[in-house]
Amino acid sequence: MTRVFSGVKPTGHLTLGNYLGAMRRWAEVDQYRADALFCVVDLHALTVDHAPARVRRLSRQAATLLLASGLDPERCTLFVQSHVDEHARLSYLLECVATDGEMRRMIQYKEKAAREQRRGGSVRLSLLTYPVLMAADILAYRTDEVPVGDDQTQHVELARDLAVRFNHRYGHTFTVPRATSPAVAARVMNLQDPASKMGKSEDTGPGIVYLLDEPDVVRKKVMRAVTDSGREVVYDRESRPGVANLLEILAACSGGNPEELAGVYESYGALKKDAAEAVVEVLRPVQQRHRELCADPGYVEGVLREGARRAREMARPVVDAAYRAIGLLPAGAGEGAAEEAVALNAAR
Ligand code: TYM
């Protein structure tokens with residue numbers, strides 16, 4: 001069965017971008033067709049300036065929203081990254097396979113490091129090595145597919161490269177994963193600045209629709225979206241990025257495709273109105289279920305505990321195999337380990 005792994009980082013409130021680019025497919029498609037794991041990747045939230053209590057709160061909220069979006073713990077494994085030691089264990093080994101140059105070429109590193117420096121802050125070393133930890137998240141489960149939005153494809157490419165390099169040097173250990181992205185809304189743009197991604201970690205703003213925004217707030221944000229000069233509704237990401245973004249959001253929320261929808265509208269106002277309502281309708285059941293789940297925090301905790309147990313069981317043998325393959329001496333636990341050591345000695 002295909003193994004799927006993906007995650008969200010608790011650095012801010014989850015957005016419509018997270019939902020349309022990733023979460024919705026996990027709930028509607030991936031958990032039914034694959035052996036799927038979904039993870040709140042809290043260690044990644046420590047790579048930038050953070051407040052401990054906020055990370056804890058956002059981690060819990062992200063897990064709750066993932067369940068609210070339709071993940072079913074009977075069908076998939078939902079857990080928190082820091083509850084499974086294997087991620088950090090494997091990350092170090094992969095740091096010994098990745099190169100400094102490779103890390104510095106990552107677009108998100110360059111952008112985030114520049115932003116941090118502009119603010120006069122310092123750049124954490126973990127921000128540079130972040131994609132290696134992400135590769136560890138993926139490779140620890142022998143993942144085949146990683147359903148993500150467009151902004152993560154370079155990181156998944158790196159995970160591929162590291163898997164291939166590790167396997168080539170130390171023997172076949174990892175499955176080589178590939179990214180999958182949705183047909184529309186793989187990159188939802190900021191409504192006030194359609195040249196940049198709608199991102200949860202950026203400052204809050206009227207251009208970002210959060211999954212927990214009240215319907216009237218959603219309507220206001222969409223109605224005030226920046227559109228382009230010109231009047232007729234055409235789908236062209238290059239010359240009409242604002243309108244294209246609205247068409248993609250509408251297509252993703254109501255079905256249909258952005259080119260065809262462009263032909264239906266005669267004014268930007270009508271497009272915005274329908275897009276706003278479509279978003280409100282898509283978020284309604286998620287918000288409803290989120291309210292119910294918030295009333296039962298013990299349930300969410302139980303799901304995460306069981307998820308971590310299952311995840312640990314899956315990751316441990318893979319990471320142990322990587323430790324042995326790369327040349328680390330097995331901890332001498334009983335006869336099995338001694339025999340294995342003898343066999344390994346003979347083989348090398
Ligand atoms: P994160 O938390 O930034 O985003 C979670 C998922 O949402 C997608 N996404 C978007 N899709 C479309 N339009 C947008 N505006 C938009 N914003 C976010 C992201 O592509 C992602 O799929 N590094 C990852 C988390 C991670 C991970 C992993 C993912 C850590 N380890 C292993 C997959 C596998 C991140 O920061 O995602």
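Residues numbered from 1 in each chain as written. Predicted model: local features only at pLDDT ≥ 70, side-chain atom pairs only at ≥ 80, totals over all residues. Heavy atoms only, no water.

An unreviewed UniProt entry lists the protein chain under the name Tryptophan--tRNA ligase, with Streptomyces composti given as the organism. Quoted verbatim from the Sequence similarities (unreviewed entry) field of UniProt, the annotation for the protein chain is "Belongs to the class-I aminoacyl-tRNA synthetase family." Taken from UniProt, the Catalytic activity (unreviewed entry) comment for the protein chain reads in full: "tRNA(Trp) + L-tryptophan + ATP = L-tryptophyl-tRNA(Trp) + AMP + diphosphate + H(+)". (UniProt positions renumbered as here; feature names shortened; annotations may be inferred.)

Caption draft 1: Here's a closer look at the domain arrangement of the protein chain. Along its sequence, the protein chain is carved into domain 1 (3-182 + 297-335) and domain 2 (215-293). Contacts between the two partners involve 13 residues from domain 1 and, on the opposite side, 10 residues from domain 2. For the pairing of domain 1 and domain 2, the buried interface totals around 980 Å² over both sides, and the portion due to carbon and sulfur atoms is 75%. Looking at the side of domain 1 facing domain 2, the largest losses of area belong to Leu 16, Tyr 19 and Ala 68, adding up to 41% of the total buried there. Summed over the shared surface of domain 1 and domain 2, the number is one residue pair in polar contact (both at pLDDT 80 or more). Where the side of domain 1 that touches domain 2 is concerned, the elements lending two or more residues are helix H1 (16-33), helix H2 (52-68) and helix H12 (297-326). By residue number, the principal contributor to the side of domain 1 that touches domain 2 is H2, which donates five residues. (Domains from an automatic or database assignment. Contact = heavy atoms within 4.5 Å. Buried area = accessible area lost by both parts, 1.4 Å probe. Polar contact = N/O pair within 3.5 Å; in protein donor to acceptor, adjacent residues only side chain to side chain. Helix = DSSP H or I, 4+ residues; strand = E, 2+ residues; numbered from the N terminus.)

Caption draft 2: Region of interest: the packing of aromatic side chains. Counting across every chain of the model gives six aromatic pairs. Pairwise contacts between aromatic rings join Phe 5, Phe 79 and Tyr 141 into one cluster. (Phe/Tyr/Trp six-rings, centres within 6.5 Å; stacked < 30°, edge-to-face > 60°.)

Caption draft 3: Representation of helix H11 (residues 268-294). Taking 1.5 Å per residue as the helical rise, H11 with its 27 residues ought to reach 39 Å, and the 38 Å between its terminal C-alpha atoms agrees with that figure. Maximal helix bending in H11 amounts to about 30 degrees, located at Arg 284; proline Pro 285 follows within four positions. (Expected span 1.5 Å × (residues − 1). Bend = angle between axes of the 7 residues up to and from the residue.)

Caption draft 4: Focus on the pairing of strand E3 (residues 76-80). Most of E3 is tucked away: five of the five residues are buried. A two-sided burial pattern is seen for E3, the buried positions comprising Cys 76, Leu 78 and Val 80 on one face and Thr 77 and Phe 79 on the other. With five bridges joining them, strand E2 (residues 35-40) and E3 adopt parallel strand pairing. Paired with Val 40 across the two strands is Val 80, which belongs to E3. The parallel pair E2 and E3, bridged by H2, forms a crossover whose chirality is right-handed. (Buried < 20%, exposed > 50% of the residue type's maximum accessible area, 1.4 Å probe, protein only. Pairing = 2+ DSSP bridges. Right-handed = clockwise from strand over helix to strand, strands pointing away.)

Caption draft 5: Quick peek at the pairing of strand E7 (residues 193-197). As defined by bridge partners, strand E6 (residues 189-190) adjoins E7 across two bridges and the pair is classed as antiparallel. Considered in E7, the bridge of Asn 190 is made with Asp 193. In sequence, E6 turns back onto E7 through a hairpin of two residues.

Caption draft 6: Focus on the site of the ligand. In the region of the ligand, 27 residues are neighbours, and Tyr 130, Asp 137, Asp 151, Val 188 and Lys 200 sit closest. A distance of 2.9 Å is found between an oxygen atom of the ligand and a backbone nitrogen or oxygen belonging to Lys 9. Interatomic distance of 2.7 Å between a side-chain N/O atom of Lys 200 and an oxygen atom of the ligand. Considering the ligand on its own, with 710 Å² of exposed area, one finds that the protein chains cover 98% of that surface. Elements represented by at least two residues in the shell around the ligand include exactly strand E1 (3-8), H1 and helix H6 (125-139). Across the shell around the ligand, the residue classes tally to 13 nonpolar, eight polar and six charged. (Near = heavy atom within 4 Å. Areas by Shrake-Rupley, 256 points an atom, 1.4 Å probe, with all protein chains shown as cover. Nonpolar A, V, L, I, M, F, W, Y, C, P; charged D, E, K, R; others polar.)

Caption draft 7: Quick look at helix H5 (residues 107-118). With 12 residues, H5 ought to run about 16 Å at 1.5 Å a step, and its terminal C-alpha atoms sit 17 Å apart, in line with that. For H5, the set of buried residues is Gln 108, Tyr 109, Lys 112, Ala 113 and Glu 116. Projected onto a plane normal to the axis of H5, the buried residues spread over an arc of 120 degrees and lie on a single side. Turned more than 90 degrees away from the buried face of H5, the exposed residues are Gln 117 and Arg 118. Check the buried side of H5 and you find it contacts helix H4 (100-104), H6, helix H7 (153-170) and E7. A positive phi of about 85 degrees marks Gly 120, the residue just after H5. (Arc of directions from axis to C-beta.)

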